[in-house]
Amino acid sequence: MVQLSPGVYWTAAVVGVFSATVVAGTGSSHAAEPAKVLKVCTTGDYRPLTYRDPSTGNFSGIDIDMARSFADYLDARLVFVQTSWPTLMDDITTQGKCDIAMGGISVTPQRQQQANFTQSYLQDGKTPITTSGNAERFQTLKQINRKDVKVIVNPGGTNAAFVKEHLPDATVITWPDNTTIFEQIIRGRADVMITDSIEAKYQASQNPRLVAVHPDAPFTASEKSYMLPKGSPLTNPADTWLTDALKDGTFQHAYDRWIHTSPTATVGTLKKYGA
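Parameters at a glance
Residues numbered from 1 in each chain as written. Predicted model: local features only at pLDDT ≥ 70, side-chain atom pairs only at ≥ 80, totals over all residues. Heavy atoms only, no water. Disulfide = S-S within 2.5 Å. Helix = DSSP H or I, 4+ residues; strand = E, 2+ residues; numbered from the N terminus. Buried < 20%, exposed > 50% of the residue type's maximum accessible area, 1.4 Å probe, protein only. Arc of directions from axis to C-beta. Pairing = 2+ DSSP bridges. Axes fitted to C-alpha atoms, helices over the stretch in contact; angles between N-to-C directions. Contact = heavy atoms within 4.5 Å. 1 Å grid on protein atoms, 1.4 Å probe; cavity = no way out; pocket = protein on both sides within 12 Å on 5 of 7 lines; lining within 4 Å. Points joined across faces, edges and corners; volume = space filled by probe spheres on them. Nonpolar A, V, L, I, M, F, W, Y, C, P; charged D, E, K, R; others polar. Left-handed = near helix turned anticlockwise from the far one by under 90°. Salt bridge = Lys/Arg side-chain N within 4 Å of Asp/Glu carboxyl O. pLDDT = per-residue confidence, 0-100.

## As for the state of the cysteines
Summed over all chains, the structure comprises one disulfide. The side chain of C41 participates in a disulfide bridge whose partner is C98; the two sulfur atoms lie 1.9 Å from each other. Between C41 and C98, the S-S torsion sits near -80 degrees, and that sign places the bridge as left-handed. Within this pair, whereas C41 is found in strand β4 (residues 37-42), its partner C98 is found in the loop between α2 (88-93) and β9 (100-106), the two being separated by 57 residues in sequence. Residue classification places C41 among the buried residues on the basis of a relative accessible area of 1%.

Rendered as structure tokens:
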């Protein structure tokens, strides 16, 4: 049984069909079956994978489309739960808060100790993003790791961990809002940011003043996956769904819907599994 919300459990048959039954309270479990709920934790600040519109509260992006696909696969009602990079691991380990976390989450050894992961759906890596006039200045870590270089970073995630490890001599500016962080580079308040290639490419495609520096040859190699609570019985169903989504074009359709890269913004392509 896979518990997705208090009092509601998923029962998996051998053929992979899911149904909800009441296991608390009195009365027959076959009477008035409750609606199934899938709670997806997502940061809403990492375009093009997840974004929350502050004016409407609505979520959008590649992984938001994939969350809807997964909910449809389970025949469940989808509920988004906003998290943040600093609180992501606390939220995934808090019982009942998240059934799954989606939205550009990198697999790391530290996270694997606390949570389950699906198979990977995207290969990525850390690369610089800066203004077009500074692109040649920030090609290497040696060029960036200087006291006179202002590196801006969002706290709590793998970007911050990378900067701490590889850029100890740079002047680091911590900016809490990842949706407005790129504007700080444009305004000259920061020189460069290190982030995932997919985010750098997307942001450069949206603003001609920004350039993703060698996103086809990033500093690191990492994989994006969906994260579940440790020991979650939903892990295998999620993997089965994702395998099908990578094969039948579901993920490719979501990716193509949100990636609109200008040919002058970047060079190179990301590796999409199953594509």
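## Observations regarding helix α5 (residues 158-166)
Along α5, the residues that are buried comprise T158, N159, F162 and V163. Across the axial projection of α5, the buried residues extend over an arc of 140 degrees, all falling on one side. Facing away from the buried side of α5 by more than 90 degrees, the exposed set consists of K164 and E165.

## Remarks on the sheet that holds strand β16 (residues 210-212)
Paired through their backbone hydrogen bonds, the strands of a sheet run either parallel or antiparallel. With respect to topology, five strands assemble into an open sheet ordered β14-β13-β15-β12-β16, the strand pairing being mixed. Only two strands of the sheet have a single partner each, and these edge strands are β14 (171-174) and β16. Taken over all neighbouring pairs, the strand axes of this sheet differ in orientation by 30 degrees on average, direction set aside. Bridge analysis of strand β12 (residues 126-131) against strand β15 (residues 192-196) gives five bridges, and the strand direction is antiparallel. Paired with K126 across the two strands is D196, which belongs to β15. Along the sheet, α5 contacts β12, β13 (150-153), β14 and β15; its crossing angle with β15, the most-contacted strand, is approximately 125 degrees.

## Overview of the side chain of T83
Tracing the sequence through the fold places T83 in the loop between β8 (77-82) and α2. Every residue in contact with T83, bar those within four places of it in the chain, is listed here: C41, T42, T43, L88 and D91.

## Here we look at the layout of surface pockets
By volume, the largest pocket amounts to about 480 Å³. Around the largest pocket sit 20 residues that line it, and T108, Q110, T158, A161 and F162 are the ones nearest its centre. Elements with a contribution of two residues or more to the lining of the largest pocket: α3 (109-114) and α5. Its residues assigned to classes, the lining of the largest pocket comprises six nonpolar, 10 polar and four charged.

## Here's the deal with the packing of helix α1 (residues 62-74) against helix α8 (residues 235-248)
Two elements in contact, α1 and α8, have axes whose closest approach is 10 Å; the angle formed by their N-to-C orientations is 115 degrees. Our pair here, α1 against α8, has a crossing hand that is right-handed. Residues M66, S69, F70 and Y73 of α1 form the contact with α8, whose participating residues are P237, A238, T240, W241, L242 and A245. Among the residues making up the contact of α1 with α8, the classes are represented as eight nonpolar, two polar and no charged.

## Brief notes about the pattern of salt bridges
What the rule picks out here adds up to eight salt bridges. Notably, a salt bridge pairs D91 with K97, separated by 3.0 Å at the nearest N-O pair. With a relative accessible area of 8%, D91 lands in the buried category. Exposure remark for K97: the relative accessible area of 32% places this residue in the partly exposed category. With its nearest N and O atoms 2.5 Å apart, the salt bridge here joins K224 to D196. Taken together, the residues span a long stretch of sequence, with K224 in strand β17 (residues 222-229) and D196 in strand β15 at a distance of 28 residues. Neither K224 nor D196 differs from the other in exposure class; each is buried. Bridged by salt links that share partners, the residues D65, R68 and R257 form one connected network.

## Here's the deal with the confidence of the model for the protein
On average, residues of the protein score 86 in pLDDT, and 81% of them reach the 70 mark or higher. Of the regions scoring below 50 in pLDDT, residues 261-275 engages in 40 contacts with residues more than four places distant in sequence or in other chains.

## Description of the sheet that holds strand β6 (residues 50-52)
The strand order across the open sheet built from three strands is β5-β6-β7, with neighbouring strands paired in antiparallel fashion. In this open sheet, the two edge strands, each paired with only one partner strand, are β5 (45-46) and β7 (59-60). Two strands pair when backbone bridges link them, and β5 and β6 are joined in this way by two bridges, in the antiparallel orientation. By the bridge assignment, Y46 is partnered in β6 with T50.

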